[in-house]
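# Topology and contacts: notes
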Amino acid sequence: MATNLKALPVMSIFDTFLNWKVFIQTLPLLLSGLTTTLTLGVTAIVLGFIGGLVLALLRLYASSPLRQIAVAYIDVFRSIPILVLLVVIYYALPFVGLRLSSFGAAASALSLVSAAYSAEIFRAGIEAVPRGQFEAARAIGLSPWRRMSDVVLPQALRIVIPPITSNSINVMKDTALASVVAMPDLLKQATQAQALAANPTPLISAAIIYILILMPLVRLVGVFEKRLAVRGR
Amino acid sequence: MTRPIIEMRNVVKSFGLFKALQGIDLRVKEGEIVVIIGPSGSGKSTLIRCINQLEEHNGGEIIVDGAEVGRGRKSTVLTEVGMVFQSFNLFPHMTVLRNVALGPVRVRGLSWAAAEERAQRLLARVGLEDHVVKYPAQLSGGQQQRVGIARALAMEPKVLLFDEPTSALDPEMVGEVLDVMQQLAKTGVTMVVVTHEMGFARKVADRVVFMDGGRIVEEGRPDEIFNAPRDPRLRSFLQAVLSH
Ligand SMILES: Nc1ncnc2c1ncn2[C@@H]1O[C@H](COP(=O)(O)OP(=O)(O)OP(=O)(O)O)[C@@H](O)[C@H]1O
Ligand SMILES: [Mg+2]
């Protein structure tokens, strides 16, 4: 560090924030963090997708008690900050005998919230399918389940691709919150690496990795939205 | 052969406080072609939608093929009633062939192969044998409506309901759809058709029903209705539609 003091300022910035040696040294740690982040994100996205679909169908078509439960669920989990939920699950639930691993706690918190958001997205998608589609499906005698699976959902899913992708991006970003329950995700490993190397390069690297992974998805949403706008829906 | 396949007795349908049907009595015999005419808002759509329970009636009885429908009853008889919609309502994410084959597979339990063979045959019958692998959006309105008819026919229904099947079409495509319907009328299937095509009514109908204000005001053979209308409302309606 001391030798760098006399170097050009720009060099010192590179040595400090984008130090190649530090980068190479801490890369394995970052990659293991990345794996955890991706596993967590994908798990939460998939569970949130399934849960959201079920909740949307309950909210739209279930009879009274179940429907009210779905509505309440959706409202509650859209209101609670994920970080608060995560801390409650990880630190409070053990008091009632439910002890989850940090991965379990993070995956639960993220999926529970993602399901609530996905549910509203699916509901809007189903409601955007023209009434005539429901009627035609009924008129040829399809059962309620078949009307959904063969006619309505395939169309609704197409409609919700952009907002569901946006939601998935949010879930991926929110995985970083898991570092507060000591989950060795990308952010946590980067912080660790920074401490070990006494250099912020790992943090910068982590930030760049997040951007590299999520930016294509962000672009994709833009493309989807443009395509839908062209089709004039 | 002459038993009623549809029987409506004093059928009432309200939307909130508004009564769209105010006591409809209608019997349709097997093989009969009934055309329903009337001004906008007179309840024509509501009437045929009650027959296949897209709307649930609030009063009276509807008996289809010997079984009462609606008012909470689950009736399998409704799979014997096919419907053709003004806006076609084809399934946009399926090929034309799938659109037609879906019902037979899911409701009648046919294999996809058998159902697609049936669909091929029906699509050929409506002149669309060259379009089976296309998607609905790739077809003209007239072609889409003919798919709609083939889709309804694929269920081999005893009754076919048509709700203004040509109203959404460009004028040059109306003929091709009416031709198909006229062919169909000769096959012995029972048809209830809501339409503003008076030429079709005159030529094809066994009976014409005139509705106004949620009631059947007059009914009779086409020549009676068109040549010797009795009710003043029917007269002014005919004057209005036939004058252009
Ligand atoms: N879902 C609904 N909710 C409220 N009112 C309705 C509904 N459907 C129909 N109506 C009303 O019931 C009356 C009859 O409607 P219907 O669609 O049966 O008329 P129609 O004879 O088919 O008219 P058109 O020739 O315009 O299609 C109209 O006044 C209409 O506004
Ligand atoms: Mg109508």
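Residues numbered from 1 in each chain as written. Chains lettered and ligands numbered in written order. Predicted model: local features only at pLDDT ≥ 70, side-chain atom pairs only at ≥ 80, totals over all residues. Heavy atoms only, no water.

### Structural notes on the pairing of strand β6 (residues 81–84) of chain B
Along a regular strand, successive side chains alternate from one face of the sheet to the other. Residues and elements named next belong to chain B. Selection criterion: Each residue gets one of three labels from its accessible area relative to the maximum for its type: buried under 20%, exposed over 50%, partly exposed in between, using a 1.4 Å probe on protein chains only. Runs of H or I in DSSP of at least four residues are treated as helices and runs of E of at least two as strands, each being numbered from the N terminus. For two strands to be treated as a pair, DSSP must find no fewer than two bridges joining them.
The alternating pattern of β6 places Val-81 and Met-83 and Gly-82 and Val-84 on opposite faces, both of which are buried. In this sheet, strand β7 (residues 159–163) lies alongside β6 in parallel orientation, the contact comprising four bridges. Residue pairing for β7: Val-81 is matched across the bridge by Val-159.

### Quick notes on the packing of helix α5 (residues 102–128) of chain A against helix α7 (residues 144–174) of chain A
Residue and element names in this part refer to chain A. Basically, it comes down to this: A fitted line through C-alpha atoms serves as each axis, taken over the contacting stretch for helices, and the angle formed by two N-to-C directions is quoted from 0 to 180°. A crossing counts as left-handed when the near helix is turned anticlockwise from the far one by less than a right angle, and as right-handed when that turn is clockwise. It only takes one pair of heavy atoms within 4.5 Å for two residues to be counted as in contact. Amino acid classes used here: Ala, Val, Leu, Ile, Met, Phe, Trp, Tyr, Cys and Pro are nonpolar; Asp, Glu, Lys and Arg are charged; the rest, including Gly, are polar.
Their axes nearest at 8 Å, the elements α5 and α7 cross at an angle of 140 degrees. Of the two elements, α5 crosses α7, and the hand of that crossing is right-handed. Residues Leu-110, Ser-114, Tyr-117, Ser-118, Ile-121, Phe-122, Gly-125, Ile-126 and Ala-128 of α5 touch α7, and the partners they reach there are Met-148, Val-152, Leu-153, Ala-156, Leu-157, Ile-159, Val-160, Pro-163, Ile-164, Asn-167, Val-171 and Asp-174. Class assignment for the residues of the contact of α5 with α7 results in 16 nonpolar, four polar and one charged.

### Digging into the sheet that holds β6(B)
Residue and element names in this part refer to chain B. As summarised here, the arrangement of the six strands in space is β6-β7-β8-β3-β9-β10, forming an open sheet in which the pairing is mixed. Edge positions in the open sheet fall to β6 and β10 (215–220), since each of these has one partner strand only. The mean angle between the axes of side-by-side strands here comes to 20 degrees, regardless of whether they run parallel or antiparallel. Inspection of the sheet shows strand β3 (residues 33–37) paired to strand β8 (residues 190–194) by four bridges, in the parallel sense. Across the sheet, the residue bridging to Val-35 is Val-193, located in β8.

### Let's talk about the pattern of salt bridges
Residue and element names in this part refer to chain B. Quick reminder of the rule: The rule for a salt bridge is simple: a side-chain nitrogen of Lys or Arg has to be within 4 Å of a carboxyl oxygen of Asp or Glu.
Under the criterion given, the structure shown has 23 salt bridges over all chains. Of the charged contacts in the structure, one is a salt bridge between Glu-61 and Arg-9, with a shortest N-O distance of 2.3 Å. Of this pair, Glu-61 sits in strand β4 (residues 59–64) while Arg-9 sits in strand β1 (residues 4–15), and the two are 52 residues apart along the sequence. Judged by relative accessible area, which is 38%, Arg-9 ranks as partly exposed. We note a salt bridge from Asp-65 to Lys-158, for which the minimum N-O separation is 2.8 Å. Taken together, the residues Asp-65 in the loop between β4 and β5 (67–68) and Lys-158 in the loop between α4 (141–153) and β7 connect sequence positions 93 residues apart. Residue class for Asp-65 comes out buried when judged on its relative accessible area of 16%.

### A look at the packing of aromatic side chains
Rule in force here: Here a Phe, Tyr or Trp ring, Trp counted by its six-membered ring, pairs with any other such ring whose centre lies within 6.5 Å, and the pair is stacked when the planes are under 30 degrees apart, edge-to-face when over 60, and tilted otherwise. Charges are assigned to positions over rings by a cutoff of 6 Å between ring centre and Lys NZ or Arg CZ, combined with an angular limit of 35 degrees from the ring normal.
The tally for this structure, following the rule as stated, stands at four aromatic pairs over all chains. Ring centres of A:Phe49 and A:Phe122 lie 5.1 Å apart, and the angle between their planes is 90 degrees; on these two criteria the pair is classed as edge-to-face. With A:Phe49 in helix α2 (residues 20–61) and A:Phe122 in helix α5, this residue pair connects regions lying 73 residues apart in the sequence. For A:Phe49, a relative accessible area of 31% puts it in the partly exposed group. Pairing A:Tyr90 with A:Tyr91 gives two aromatic rings, centres 4.9 Å apart and planes at 90 degrees, and the pair type is edge-to-face. Taking relative accessible area as the criterion, A:Tyr91 reaches 44% and is therefore assigned partly exposed. Directly above the ring of B:Trp112 sits B:Arg98, whose terminal nitrogen or CZ lies 3.7 Å from the centroid. One Lys or Arg, B:Arg151, reaches over the ring of B:Phe91 and ends 4.6 Å from the middle of that ring.

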